Amino acid sequence: MNLLFDTLTGVGAADAPFLERPDGSVITYGDLDALTGRWANALVQRGVKPGDRVAVQVEKSPENLILYLATVRAGAVFLPLNTAYTLSELFYFVSDAEPALIVCDPTVAPRVVEFGMTATLDATGQGSLADLAAASNPSFDTVARGPEDLAAICYTSGTTGRSKGAMLTHGNLTANARTLVKLWQFTAADVLIHALPIYHVHGLFVATNVIMAAGASMVFRARFDAAEVLSLMPRASSLMGVPTFYTRLLDQPGLTAQATAGMRLFISGSAPLLAETHREFEARTGQVILERYGMTETGMNTSNPYDGARVAGTVGPPLPDVSLRISDPETGAAVAIGEIGMIEVRGPNVFAGYWRMPEKTAAEFKPGGWFITGDLGKIDEAGYVHIVGRGKDLIITGGLNVYPKEVEAEIDALPGVVESAVIGLAHADFGEAVTAVIATGGKAGLTEEAVLAALAERLARFKQPKRVLFVDDLPRNAMGKVQKALLRETHAGLYGGS
Ligand code: AMP
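This structure is a prediction, so every number in the text was calculated from the model and none was measured.

## Some points on unusual backbone geometry
(1) Moving on: For E98, which is not glycine, the phi dihedral falls at a positive 45°.
(2) Moving on: Here E98 is to be found in the loop between α4 (87-97) and β5 (101-104).
(3) Moving on: You can call E98 partly exposed: its relative accessible area is 46%.
(4) Moving on: Its identity is not glycine, yet Q185 carries a phi of approximately 55°, on the positive side.
(5) Moving on: A relative accessible area of 37% places Q185 in the partly exposed class.

Shown next, in the form of structure tokens:
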């Protein structure tokens, strides 16, 4: 028994579609046995043994997914890497994880060989590993793996310090996939538009594992294109996306109730979905986006309900098998309902620790298996969780705590503001000075004085920004997260310090 592989491939009927490629050709669940068998044999021929890491930095393709499944089947540990990482970043990951094999694009392979054993795979699914798989035996003795065995190591996007490798077990991934299938009511009849990257847990585990654990299928696209995704909706039932997918879809004049009539579920996560996007999407389509919250280390922790109120600006109650509590960031004591604090979670989804970092792991767990997420939030009377931001984005100014989200909400309500990011910058008197960066979408007209005057009536003095900066757009990473660390770096000297 290989817990994760069997869970993912054991439900879909042999003749049922698993994945439709952009050219319309289909991989069925029945095809997966021979396909993953060939790829698993290729991995073994390249020296991969059970427990070994397989580092994969390649473009999104169906073969990339097959490689994931084959790695799990061979009892090895899948280690996906963002294609945007540079060679020196790649060097850090491979020296930390010591993979038995690095699978990379043929164009970079000549420079990656000095890091270790390499094989290649390009955006079209071709390369030395694909060639080897094609020439390999389709039958493979699946390696037995249990709940405690590692299935993947995913490096956290880590905006400060070194990236940490989160160790995810067969038990973690299986439990989360099964819980989400039930909660979101996925069945074999579902067709997911898969347009997320697969080097990240959202596209790789939430999207792929959930679809497979339901025996459902996916329409597979290498990247998100709003017009194309809209055109796929009549033959799909669901979409999983980052908030940017939804703002881009709203820019499509063709996004109507009729265009989305066949869809039963739109899910958003990885970054906060603006309440305004949620409402606008409902007004245009009649569809209520379901927002959920998770992270690399834990998979999904909370979700708005399938049946029941999906409340804009919240991430819903904890999943049925996840416990969640809020604690005082300084004392660690539990806080009262409605109060903001550090989100801690416990459950079968919570990872096994950071790869080769026992001290970091120990520092982020509390007795009883509670993982300190690093996110600040609160639970309301209805049991719904609200995320207020990352703990490290909290601003301490003149000794007082300022939650950026509270200030951002006031700024976002001002006319002419598309969105905002509030950050703390070094300041000689205050320690940190509250600073607002406002995206205007390229429109002129808004002034610093006007913003400050408007906020003067709405926020306590210590929460009011000391300065307001304007940009066309906020910097975001591929998962739609606003890069506050980058903003802090860019404007570090605003108040004179460094
Ligand atoms: P990652 O490990 O890259 O998946 O990033 C996880 C982080 O993304 C979480 O710790 C949260 O800070 C943030 N995040 C994920 N989903 C949401 C959401 N629905 N709303 C707000 N923040 C989110």
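## Some remarks on the environment of L69
(1) Moving on: The residue L69 is located in helix α3 (residues 62-73) in this model.
(2) Moving on: The buried category is assigned to L69, whose relative accessible area is 2%.
(3) Moving on: The spatial distance from the C-alpha of L69 to the C-alpha of A213 is 13 Å, given a sequence separation of 144 residues.
(4) Moving on: Sequence-distant contacts of L69, that is, excluding residues within four places in its chain, are made with F5, L8, L32, T36 and M212.

## Things to note about the packing of α3 against helix α8 (residues 201-213)
(1) Moving on: Running from N to C, α3 and α8 cross one another at 75°; their axes reach a closest spacing of 13 Å. When the axes of α3 and α8 are compared, the pair comes out roughly perpendicular. Touching L65, Y68 and L69 of α3 are L204, F205, T208, N209 and M212, all from α8.
(2) Moving on: Across the contact of α3 with α8, the residue classes break down as six nonpolar, two polar and no charged.

## Notes on the pairing of strand β14 (residues 299-303)
(1) Moving on: Buried residues dominate β14, accounting for five of its five residues.
(2) Moving on: The hairpin formed by strand β13 (residues 290-295) and β14 contains three residues between the paired strands.

## Details of the site of the ligand
(1) Moving on: Neighbouring the ligand are 15 residues, the closest being E291, R292, T296, D375 and R390.
(2) Moving on: Here a nitrogen atom of the ligand sits 3.2 Å away from a polar atom, N or O, in the main chain of S270.
(3) Moving on: Between an oxygen atom of the ligand and a side-chain N or O atom of T296, the distance comes to 2.6 Å.
(4) Moving on: A total of 500 Å² of accessible area belongs to the ligand in isolation, and the protein chains cover 92% of it.
(5) Moving on: Broken down by element, the residue count for the shell around the ligand peaks at five residues, all from β13.

How each quantity is defined
- Residues numbered from 1 in each chain as written.
- Predicted model: local features only at pLDDT ≥ 70, side-chain atom pairs only at ≥ 80, totals over all residues.
- Heavy atoms only, no water.
- Helix = DSSP H or I, 4+ residues; strand = E, 2+ residues; numbered from the N terminus.
- Buried < 20%, exposed > 50% of the residue type's maximum accessible area, 1.4 Å probe, protein only.
- Contact = heavy atoms within 4.5 Å.
- Axes fitted to C-alpha atoms, helices over the stretch in contact; angles between N-to-C directions.
- Parallel < 35°, antiparallel > 145°, perpendicular 65-115°, else oblique.
- Nonpolar A, V, L, I, M, F, W, Y, C, P; charged D, E, K, R; others polar.
- Pairing = 2+ DSSP bridges.
- Near = heavy atom within 4 Å.
- Polar contact = N/O pair within 3.5 Å; in protein donor to acceptor, adjacent residues only side chain to side chain.
- Areas by Shrake-Rupley, 256 points an atom, 1.4 Å probe, with all protein chains shown as cover.

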